[in-house]
Amino acid sequence: MTATPGLGRIGVLAIQGDYAAHAEALSDAGASPFLVRKPEQLQESEGLILPGGESTTMLRFLEKHNFFEALRSYCGTHPVFGTCAGAILLSREVRNPAQQSLAVLDVVIERNAYGRQIDSAIVTADTELAGGPLEMVFIRAPRILSVGPDVEILARRDQDPVLIRQGHAMAATFHPELSLDRRIHRAFVELVRSKR
Ligand code: GLN
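Conventions and cut-offs
Residues numbered from 1 in each chain as written. Predicted model: local features only at pLDDT ≥ 70, side-chain atom pairs only at ≥ 80, totals over all residues. Heavy atoms only, no water. Core = buried A, V, L, I, M, F, W, Y, C linked by side-chain atoms within 4.5 Å. Buried < 20%, exposed > 50% of the residue type's maximum accessible area, 1.4 Å probe, protein only. Helix = DSSP H or I, 4+ residues; strand = E, 2+ residues; numbered from the N terminus. Contact = heavy atoms within 4.5 Å. Pairing = 2+ DSSP bridges. Axes fitted to C-alpha atoms, helices over the stretch in contact; angles between N-to-C directions. Near = heavy atom within 4 Å. Polar contact = N/O pair within 3.5 Å; in protein donor to acceptor, adjacent residues only side chain to side chain. Areas by Shrake-Rupley, 256 points an atom, 1.4 Å probe, with all protein chains shown as cover. Salt bridge = Lys/Arg side-chain N within 4 Å of Asp/Glu carboxyl O.

A. Local environment of the nonpolar core. With 32 residues, the main nonpolar core has Leu48, Leu50, Leu71, Val80, Leu90 and Leu102 as its most contacted residues. Secondary structure elements with two or more residues in this core: strand S2 (32-36), strand S3 (47-50), helix H2 (55-64), helix H3 (68-77), helix H4 (85-90), strand S6 (105-110) and strand S12 (169-172). Sorting elements by how many residues they give to this core places H4 first, with 5 residues. Contact partners of Leu90, with chain neighbours within four places excluded, come to Leu50, Cys75, Val80, Phe81, Gly82, Leu102, Ala103, Val104, Leu105 and Met170.

This is the structure we're talking about:
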């Protein structure tokens with residue numbers, strides 16, 4: 001698929017983790033992705049994906065390079081999508097253990113919450129997105145423990161919300177970039193477009 005004319009550039013935070021797969025998924029969804037490694041690159045970006053990986057490693061980098069505050073103010077006003085570790089970074093409160101976060105989503109989240117035996121799994125479950133059930137790849141996934149009243153739940157794994165949206169922010173506790181289905185990236189591209 002070629003880039004949709006008029007669609008601006010969407011950044012993928014490329015500190016650590018599987019940012020390359022997100023860039024590919026965004027291209028498939030019709031956007032023009034680029035990798036964001038420095039705070040000044042945020043200005044070129046109409047929206048941002050915070051990928052999966054290791055949230056503590058990302059946090060350390062952000063703090064060391066004076067990037068945390070810039071990212072927090074960007075995420076407060078621009079379309080953002082956090083997956084797995086990225087969802088942890090966007091949450092209001094992080095547990096197991098507690099750590100700093102960007103507090104964009106009114107969510108309490110617990111890291112590495114699914115235990116050793118089942119810490120990685122591929123699950124198919126219903127979603128509010130059109131087009132039927134969704135494949136979800138979980139890798140040492142966090143669990144969303146509670147959500148505030150403004151959070152829309154787009155999919156659940158058993159009872160737990162796993163795909164959510166609140167205003168200009170989206171989060172998935174799984175890895176949509178690792179499935180062939182591009183509905184979630186398309187939904188984010190649509191969100192970016194709707195916030196222009
Ligand atoms: N376990 C990671 C964390 O706590 C998240 C795992 C992932 O992004 N796949 O940051």
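This is not the end of the story, as more comes after the structure.
B. Molecular detail of helix H1 (residues 19-28). Every buried residue belonging to H1 is among Ala21, His22, Ala23, Ala25 and Leu26, and all of these are buried. Trailing H1 by a residue or two, Gly30 shows a phi angle of about 95°, which is positive.

C. Layout of the sheet that holds strand S4 (residues 80-83). If you walk across this open sheet you meet the 7 strands as S2-S1-S3-S4-S12-S11-S10, and the pairing is mixed. The outermost strands of the open sheet, each flanked by one partner alone, are S2 and strand S10 (152-157). Recorded for the sheet is a direction-independent mean angle of 20° between the axes of neighbouring strands. Two strands pair when backbone bridges link them, and S4 and S12 are joined in this way by 4 bridges, in the parallel orientation. In the strand pairing of S12, Phe81 is matched with Met170. Contacting strand S1 (9-13), S3 and S4, H3 runs over the sheet at an angle of about 120° to S3.

D. Region of the structure containing the site of the ligand. Around the ligand, the neighbouring residues are Gly52, Gly53, Glu54, Ser55, Cys84, Ala85, Ile88, Arg111, Asn112, Ile139, Arg140 and His175. Contact distances for the ligand include 3.0 Å between an oxygen atom and a backbone N or O atom of Ala85. In the environment of the ligand, a nitrogen atom lies 2.6 Å from a nitrogen or oxygen atom belonging to the side chain of Asn112. With the chains in place, 97% of the 300 Å² that the ligand exposes on its own is no longer accessible.

E. Here's a closer look at the environment of Gly86. Mapping Gly86 onto the fold places it in helix H4. Taking the relative accessible area as the measure of exposure, Gly86 reaches 0% and is therefore buried. Here the alpha-carbon distance between Gly86 and Gly17, two residues 69 residues apart in the chain, equals 9.6 Å. Setting aside residues no more than four positions away along its own chain, Gly86 makes contact with Leu50, Pro51 and Gly52.

F. Focus on the side chain of Thr127. Relative to the elements of secondary structure, Thr127 occurs in the loop between strand S7 (120-125) and strand S8 (134-139). A polar contact of 3.0 Å, which involves the side chain of Thr127, links it to the backbone nitrogen of Leu129. What Thr127 contacts, discounting residues up to four positions off in sequence, is Gly132, Leu134, Leu154, Ala155, Leu163 and Arg183.

G. Broad picture of the pattern of salt bridges. For the structure on display, the rule yields 12 salt bridges. A salt bridge links Asp28 to Arg182, with the shortest nitrogen-to-oxygen separation between them at 2.9 Å. Linking Asp28 in helix H1 with Arg182 in the loop between S12 and helix H5 (183-194), this pair joins segments that are 154 residues apart in sequence. Between Glu93 and Arg92 there is a salt bridge, and its shortest N-O distance comes to 3.9 Å. Glu93 sits in the partly exposed class, given a relative accessible area of 27%. By relative accessible area, Arg92 is classed as partly exposed at 43%.

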